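For reference, the chains in residue letters:
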Amino acid sequence: MAKNHGPSIKNDEQYEALRDEGYSKQKAARIANDPNSGKKGGKAENYQDRTKEELYDKAKEVGIEGRSKMTKAELIKALRNN
């Protein structure tokens with residue numbers, strides 16, 4: 001049984017599994033709190049197929065610092081590594 005991490009974590013079991021895999025607390029919490037996480041589908045558009053503006057908006061959503069000065073390639077790398 002998963003430990004209760006309080007109201008800030010919506011899926012404690014998934015959060016713990018992600019932390020065990022080496023994800024940061026921030027990234028594990030973001031994934032565990034996403035209502036679509038754990039669902040199969042793979043319907044998201046590839047980063048390369050998105051515009052720089054779309055990548056910037058996604059970077060803003062996840063809180064990537066320095067995004068306004070990043071190139072499209074740098075935004076993709078930052079999103080993949082966040």
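That block above? That's the structure.
Colleague: Before we go on, may I ask you to explain helix 3 (residues 52-62) in this structure?
Modeller: For an α-helix the count is 3.6 residues per turn, leaving residues at separations of three or four pointing the same way. Inspection of helix 3 places L55, A59 and V62 among the buried residues, and these make up the whole buried set. Take helix 3 and look down its axis: the buried residues cluster within an arc of 70°, on one side only. Away from the buried face of helix 3 by more than 90 degrees, exposed residues E53, K60 and E61 are located. If you follow the buried residues of helix 3, they end up packed against helix 2 (25-33) and helix 4 (72-81).

Colleague: Got a minute to help me understand the nonpolar core in this structure?
Modeller: Across soluble globular proteins, you tend to see nonpolar side chains buried next to one another. In terms of nonpolar packing, the biggest core is built from ten residues, these being Y47, L55, A59, V62, I64, M70, L75, I76, A78 and L79. Every element with two or more residues in this core is listed here: helix 3 and helix 4. By residue number, the principal contributor to this core is helix 4, which donates four residues. With residues near it in sequence (within four places) discarded, V62 still touches Q26, R30, L79 and N82. Ranked by size, the runner-up nonpolar core spans six residues in total, among them Y15, A28, A29 and A32.

Colleague: Whenever I open this one, a negative patch on the surface confuses me. Can you help?
Modeller: A grouping of E45, D49, E53, E54 and D57 is seen on the molecular surface, where their side chains present a negatively charged patch. Checked against the element boundaries, E54 lands in helix 3. Assessed through its relative accessible area of 37%, E54 is described here as partly exposed.

Colleague: How should the packing of helix 1 (residues 12-20) against helix 2 be read in this particular structure?
Modeller: Each pair of packed helices can be summarised by the angle the axes make with each other and by the distance between the axes. Taken N-terminus to C-terminus, the directions of helix 1 and helix 2 make an angle of 145°; their axes are 9 Å apart at the nearest point. You can see that helix 1 and helix 2 cross each other, and the crossing is right-handed. The segment helix 1 lies against helix 2, with Q14, Y15, L18 and R19 engaging K25, A28, A29, I31 and A32. Taken together, the residues of the contact of helix 1 with helix 2 break down into six nonpolar, one polar and two charged.

Colleague: Explanation requested: the pattern of salt bridges in the structure shown.
Modeller: Pairs may arise between side chains of opposite charge once their charged atoms sit close together. Under the definition given, this model contains one salt bridge. Linking K58 and E61 is a salt bridge whose minimum nitrogen-to-oxygen distance equals 3.3 Å. Note that K58 and E61 are positioned in helix 3 at a spacing of three residues, about one turn of the helix. Residue class for K58 comes out partly exposed when judged on its relative accessible area of 27%. Residue E61 is classed as exposed on the basis of its relative accessible area of 60%.

Parameters at a glance
Residues numbered from 1 in each chain as written. Predicted model: local features only at pLDDT ≥ 70, side-chain atom pairs only at ≥ 80, totals over all residues. Heavy atoms only, no water. Buried < 20%, exposed > 50% of the residue type's maximum accessible area, 1.4 Å probe, protein only. Helix = DSSP H or I, 4+ residues; strand = E, 2+ residues; numbered from the N terminus. Arc of directions from axis to C-beta. Contact = heavy atoms within 4.5 Å. Core = buried A, V, L, I, M, F, W, Y, C linked by side-chain atoms within 4.5 Å. Patch = residues over 30% accessible without salt bridge, like charges linked within 9 Å, V, L, I, M, F, W, Y side chains within 5 Å. Areas by Shrake-Rupley, 256 points an atom, 1.4 Å probe, with all protein chains shown as cover. Salt bridge = Lys/Arg side-chain N within 4 Å of Asp/Glu carboxyl O. Lys, Arg positive; Asp, Glu negative; His and termini not counted. Charge placed at Lys NZ, Arg CZ, Asp CG, Glu CD. Axes fitted to C-alpha atoms, helices over the stretch in contact; angles between N-to-C directions. Left-handed = near helix turned anticlockwise from the far one by under 90°. Nonpolar A, V, L, I, M, F, W, Y, C, P; charged D, E, K, R; others polar.

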